[in-house]
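# Survey of secondary and tertiary structure
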Amino acid sequence: MGSPIVIPKAPGAAVIGGGFIGPVHVEALRRIGVEVVGLLGSAPDRAAATARRIGVAHVYRDLDELLADDRVGVVHVASPNAQHFEQAWRTLEAGRHVVCEKPLAITVDQSKALLDLAGSRPSQAAAVNYNIRFYPLCREIRARIAAGEIGRVFSVTGSYVQDWLLYPDDYNWRVESDGGTNLRAVADIGTHWMDLAQYLIGESIASVNADLATFHPHRMRPVGVSETFTGSIGKDRPAEQVEVTTDDHAAVLLRFDSGIRGVFHVSQVTAGRKNSLTIEIAGSEGSFAWESESPERLWIGSRRGPNQFLSRDPALLRPFAASASHYPGGHVEGFPDTFKQLFLDVYGWIVKGRSDGDAVTFPTFIDGDREIRLCEAIARSAGEGRWIEVG
Ligand code: SOE
């Protein structure tokens, strides 16, 4: 509480992507006082409808027009994954800051090229939207582990499961092969889980051993667009059967740099789980457990005394956690607030102006590139049936 909740003199922003997550970016930007000057979508008519719905005044014809608009200082790339590379690349080349939705790219070649380009332009922010880091209680876990509260970390385990692709007639651009790792649940939500796990314990994953499953080898692709999380909407449209090879489910064993062990599973076919990330960290003196669908509560496990539940209350949190929490205890903060907090970090860094002393506090292309390397290692491990070192 008390930290700035608007960014004075923030540059204007443009958002690419009018599906599910683009409007989430728009809403969060407005909450911190950033003007969203325009929207670019994959189809002008649909983009115009979305722009009217969310109150964005201008719809760009194409990326050329967007990058020619000198009101745009920051571009938010919230388009389908296969478009991220070109849009992020051209944004940086045009001298703008970029906030790219995960995953950063489709291949390591792409993510490495973006990382190198961003590194050559240190005055431009190059962020990746790993928003789950910004739940206050996730920051509390990170701060307490760093302070040694649970001693030596033994393991990190958990899951990220949803049900919006449960049925064979559920469809979305994500189920199509991306021409790279061909990963879907892993690339879409597994990267969230892996980024969070590494962030909480402050250590990178060194090797993986993965098992993937595609439970629906065929799906019904409706004519027209299928947005994210649309459930049974549009099921009455004509559809054609298509082959699907991307993962509905994955189970992945992990070894971290220091020997810490991990395991997670992801699924987009778990009935009743809407957007459920769980993570549990076991240490020599205690453990933590947190669930994204109950984000205001942190479970603290102990052998020497009673287990505890810590409710998010900035007055009870460590400063690193309290600084990402603007509402008093009991006034529930959630998914939208994590976008607001991440963008406060990015735009705060931008308006402060680049200086060597300015530590970056938001996830960058370095983190985005690491996740693509993890995806490639997971895809290779599943194909070869063995442990694979992460490049
Ligand atoms: C779909 O799985 C999705 O929208 C992801 O793409 C987002 O990153 C996640 O935050 C919610 O679920």
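Note that the structure is a prediction, hence the values are computed from the model and not measured.

The number of helices and strands found in the protein chain is ten helices and 16 strands. For the protein chain, the C-alpha radius of gyration of 21 Å lies close to 21 Å, the compact-globule estimate for 391 residues. In terms of overall dimensions, the protein chain has C-alpha extents of about 60 × 50 × 40 Å along its principal axes. Classification of the 391 residues of the protein chain by burial places 54% in the buried group. For the protein chain, the exposed surface amounts to about 16400 Å²; the carbon and sulfur share of it is 52%.

Structurally, His76 is set in strand β3 (residues 72-77). Sequence separation between His76 and Leu39 is 37 residues, and the spatial gap between their C-alpha atoms is 9.6 Å. Sequence-distant contacts of His76, defined by excluding residues within four places in its chain, comprise Ala13, Ala14, Val15, Ile16, His25, Leu29, Val99, Phe343 and Tyr347.

With five of five residues buried, strand β2 (residues 36-40) lies mostly within the body of the structure. One ladder, built from four bridges, connects strand β1 (residues 12-16) with β2; its direction is parallel. Each bridged residue has a counterpart across the sheet, and for Val15 the counterpart in β2 is Leu39. At this point the chain moves from β1, through helix α1 (residues 21-31), to the parallel β2, and the crossover so formed is right-handed.

A word on the pattern of salt bridges. Within this structure, the stated rule accounts for 27 salt bridges. One salt bridge in this structure joins Glu140 and Arg144, with 2.8 Å as the shortest N-O distance. Taken together, the positions of Glu140 and Arg144, both in helix α6 (residues 136-146) and four residues apart, correspond to about one turn of that helix. This pair shows no difference in class: Glu140 is buried, exactly as Arg144 is.

Looking now at the site of the ligand. Around the ligand, 14 residues are found, and the nearest of them are Lys102, Gln162, Arg174, Asp188 and His192. Separating an oxygen atom of the ligand from a side-chain N or O atom of His192 is a distance of 2.9 Å. At 3.5 Å, a side-chain N or O of Gln268 approaches an oxygen atom of the ligand. It is helix α7 (residues 185-201) that contributes the most residues to the shell around the ligand, three residues altogether.

Here we have five strands laid out as an open sheet, ordered β2-β1-β3-β4-β5, and parallel in their pairing. Edge strands, defined here as strands with exactly one partner in the open sheet, are β2 and β5 (126-128). Within the sheet, the average angular offset between the axes of one strand and its neighbour, ignoring direction, is 20°. Where α1 meets the sheet, its contacts fall on β1, β2, β3 and β4 (97-100), and the angle it forms with β1 comes to roughly 165°. On top of the sheet, helix α10 (residues 365-384) reaches β4 and β5; it is set at about 50° to β5, its chief contact.

Moving on: the nonpolar core. Counting 49 residues, the largest nonpolar core has Val156, Trp193, Val208, Ile279, Ile281 and Trp290 as its most contacted members. If one sorts the elements of this core by residue count, α7 sits on top with eleven residues. The contacts of Trp290, once residues within four sequence positions are left out, are Ile132, Tyr135, Leu137, Cys138, Ile141, Leu196, Leu277, Thr278, Ile279, Pro295, Arg297 and Leu298.

Right, let's get into the sheet that holds strand β14 (residues 297-301). With respect to topology, nine strands assemble into an open sheet ordered β15-β14-β13-β12-β6-β11-β10-β7-β16, the strand pairing being mixed. Each of the sheet's edge strands pairs with one partner strand only, and the pair in question is β15 (308-311) and β16 (388-389). Direction of pairing for strand β12 (residues 276-283) relative to strand β13 (residues 287-291): antiparallel, over a ladder of five bridges. Residue pairing across strands places Thr278 opposite Glu291, the latter belonging to β13. Taken strand by strand, α10 contacts β7 (205-213), β10 (249-256) and β16, and its axis lies near 55° from that of β7.

Domain parsing of the protein chain yields domain 1 (12-132 + 342-363) and domain 2 (136-329). Here the C-alpha centre of domain 2 lies 24 Å away from the C-alpha centre of domain 1. Facing 15 residues of domain 1, the contacting portion of domain 2 comprises 21 residues. Summed over both partners, the interface of domain 1 with domain 2 comes to about 1500 Å²; 65% of that surface belongs to carbon and sulfur atoms. For domain 1, the biggest contributors to the area lost against domain 2 are Ile106, Tyr130 and Ile132; these three give 41% of the whole. Notably, a salt bridge pairs Lys102 with Asp188, separated by 2.9 Å at the nearest N-O pair. The tally of links from domain 1 across to domain 2 stands at one residue pair in polar contact (both at pLDDT 80 or more). The residue inventory of the side of domain 1 that touches domain 2, partitioned by class, reads seven nonpolar, five polar and three charged.

Cut-off values and rules
Residues numbered from 1 in each chain as written. Predicted model: local features only at pLDDT ≥ 70, side-chain atom pairs only at ≥ 80, totals over all residues. Heavy atoms only, no water. Helix = DSSP H or I, 4+ residues; strand = E, 2+ residues; numbered from the N terminus. Rg over C-alpha atoms; globule rule 2.2 N^0.38 Å. Buried < 20%, exposed > 50% of the residue type's maximum accessible area, 1.4 Å probe, protein only. Areas by Shrake-Rupley, 256 points an atom, 1.4 Å probe, with all protein chains shown as cover. Contact = heavy atoms within 4.5 Å. Pairing = 2+ DSSP bridges. Right-handed = clockwise from strand over helix to strand, strands pointing away. Salt bridge = Lys/Arg side-chain N within 4 Å of Asp/Glu carboxyl O. Near = heavy atom within 4 Å. Polar contact = N/O pair within 3.5 Å; in protein donor to acceptor, adjacent residues only side chain to side chain. Axes fitted to C-alpha atoms, helices over the stretch in contact; angles between N-to-C directions. Core = buried A, V, L, I, M, F, W, Y, C linked by side-chain atoms within 4.5 Å. Domains from an automatic or database assignment. Buried area = accessible area lost by both parts, 1.4 Å probe. Nonpolar A, V, L, I, M, F, W, Y, C, P; charged D, E, K, R; others polar.

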